[in-house]
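Topology and contacts: notes
Residues per chain are reported as follows:
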Amino acid sequence: YGGMGLDFSYNIAVAEELGNIRCGGIPMAIGVQAGMATPALTRFGSHELKKQFLVPTIAGDFVACLGISEAGAGSDVANIKTTAVRKGDEYVINGGKMWITSGTQADWMCLLANTSEGPPHRNKSLICLPMNLPGIHVARKIDKLGMRSSDTAQIFFEDVRVPCKNLIGEEGKGFTYQMLQFQEERLWAVATGLAPLETVIQETIDYTRQREVFGQPVLHNQTVHFRLAELATEVELLRSLLHRAVALYVEGNDVTKFASMAKLKAGRLTREVTDSCLQFWGGMGFTNEVLVSRFYRDFRLMSIGGGTDETMLSIICKCMEILPRK
């Protein structure tokens, strides 16, 4: 379908390199296109759907978005309320989605909706939804704390009709497909955070080496250079966990636990690194003129998007059989 047929480790190599972009929004938007809106279609979609949606998305002619979160259901995917009711050979979609990356410009959405009245983990389906259909309303572009180079939308659906053939895989399997898709999304997010963390630490070293306070460079304070050494060590540990999870995933293993651990650690470490480094920049760190303040804002999302820290902890506990499985 126009792709190179490479395994997932190449996605992670690309994601790590995209981390050298000096903002978080662009790598995130590319990640939605390559690793969030399309994996389920690639795995479970029909040949016709792949020709219609996947081919132009891989070519870069279509922008894709992922329609999961709602105002009342972020990390709690099972609680979404959007419905797709089958009427003849069409689904009629009603509801809305919130915090949709690339939503103001997307050509199609990988939509998760309730297609039956059954149990919440077995009543959902994924649907390829063209975004130019009547009844789709992009309500607003959301004004965000960070990731400001990436558009994020609130979208409503009012009696939107889409052919039933746009169903990805089997009806009722949408929740399962999305959970599989989340693993790649979370690993991608971790990979995009590594280079920014290294960059922030190195730029903080450079700045504190030349910035003098009380007659000596800030870097020459033991509390500063010891802290930077600790943070650099934590980044390398995160990289090792990521690469282990990816290697296991490529071999066909279930990496739910390791992907969740990596996502949890990345969310906390991006906050820890950017906060600690911003402090060492002093007043300059509180301006929008330096990269550390931008990453401080952009990567605050890491602990929220794609599953909150608290959700990751719950998944890890279930994998370790600390908590009962539902």
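Residues numbered from 1 in each chain as written. Predicted model: local features only at pLDDT ≥ 70, side-chain atom pairs only at ≥ 80, totals over all residues. Heavy atoms only, no water.

As a reminder of what qualifies: UniProt positions are given in the numbering used here, feature names are shortened, and annotations may be inferred rather than shown by experiment.
Under the annotation held in an unreviewed UniProt entry, the protein carries the name IVD dehydrogenase and is attributed to Erpornis zantholeuca. Under the UniProt heading Cofactor (unreviewed entry), the note attached to the protein is "FAD". Of the comments in the UniProt record for the protein, the one headed Pathway (unreviewed entry) reads "Lipid metabolism; mitochondrial fatty acid beta-oxidation."

Brief notes about the pattern of salt bridges
Worth spelling out the cut-off: The salt bridge criterion pairs a side-chain nitrogen of Lys or Arg with a carboxyl oxygen of Asp or Glu, the two atoms within 4 Å. In this text, helices come from DSSP runs of H or I with a minimum length of four residues, and strands from runs of E with a minimum of two, each type numbered from the N-terminal end. Partly exposed residues are those whose accessible area sits between 20% and 50% of the maximum for their type, while under 20% is buried and over 50% is exposed, using a 1.4 Å probe and protein chains only.
Throughout the structure, instances matching the rule amount to 17 salt bridges. Glu203 is the salt-bridge partner of Arg22, the closest N and O atoms lying 2.9 Å from each other. In this pair, Arg22 is assigned in the loop between α1 (8-18) and α2 (25-36) and Glu203 in helix α5 (residues 174-210), connecting sequence segments 181 residues apart. Judged by its relative accessible area of 43%, Arg22 is partly exposed. Residues joined in a network through salt bridges with shared partners are Glu16, Glu198, Glu236 and Arg239.

Observations concerning the UniProt feature "domain: Acyl-CoA oxidase/dehydrogenase middle" (unreviewed entry) in the protein
Under the UniProt annotation, the feature "domain: Acyl-CoA oxidase/dehydrogenase middle" (unreviewed entry) is placed at residues 65-160. Span residues 65-160 is 0% helix and 51% strand, its end C-alpha atoms 17 Å apart.

Details of the packing of aromatic side chains
Basically, it comes down to this: Side-chain rings of Phe, Tyr and Trp, where Trp is taken by its six-membered ring, are said to pair if the distance between their centres is within 6.5 Å; with planes under 30 degrees apart they count as stacked, over 60 as edge-to-face, and otherwise as tilted.
For the coordinates displayed, the defined rule picks out five aromatic pairs. On the numbers, 5.3 Å between centres and 50 degrees between planes, the contact of Phe53 with Trp108 is tilted. Taken together, the residues span a long stretch of sequence, with Phe53 in helix α4 (residues 47-59) and Trp108 in strand β4 (residues 108-114) at a distance of 55 residues. Taking the relative accessible area as the measure of exposure, Phe53 reaches 2% and is therefore buried.

A look at the pairing of strand β5 (residues 124-130)
Quick reminder of the rule: Two strands qualify as a pair provided that DSSP identifies no fewer than 2 bridges between them.
Across the seven residues of β5, seven count as buried, placing the element largely inside the fold. Going residue by residue along β5, you find Lys124, Leu126, Cys128 and Pro130 tucked away on one face and Ser125, Ile127 and Leu129 tucked away on the opposite face as well. Of the pairings in the sheet, the one linking β4 to β5 comprises seven bridges and is antiparallel in character. Following the sheet pairing, Ala113 is matched in β5 by Ser125. When β5 meets strand β8 (residues 167-168), the two strands line up antiparallel, connected through two bridges. For Ile127, the partnering residue across the bridge sits in β8 and is Leu167.

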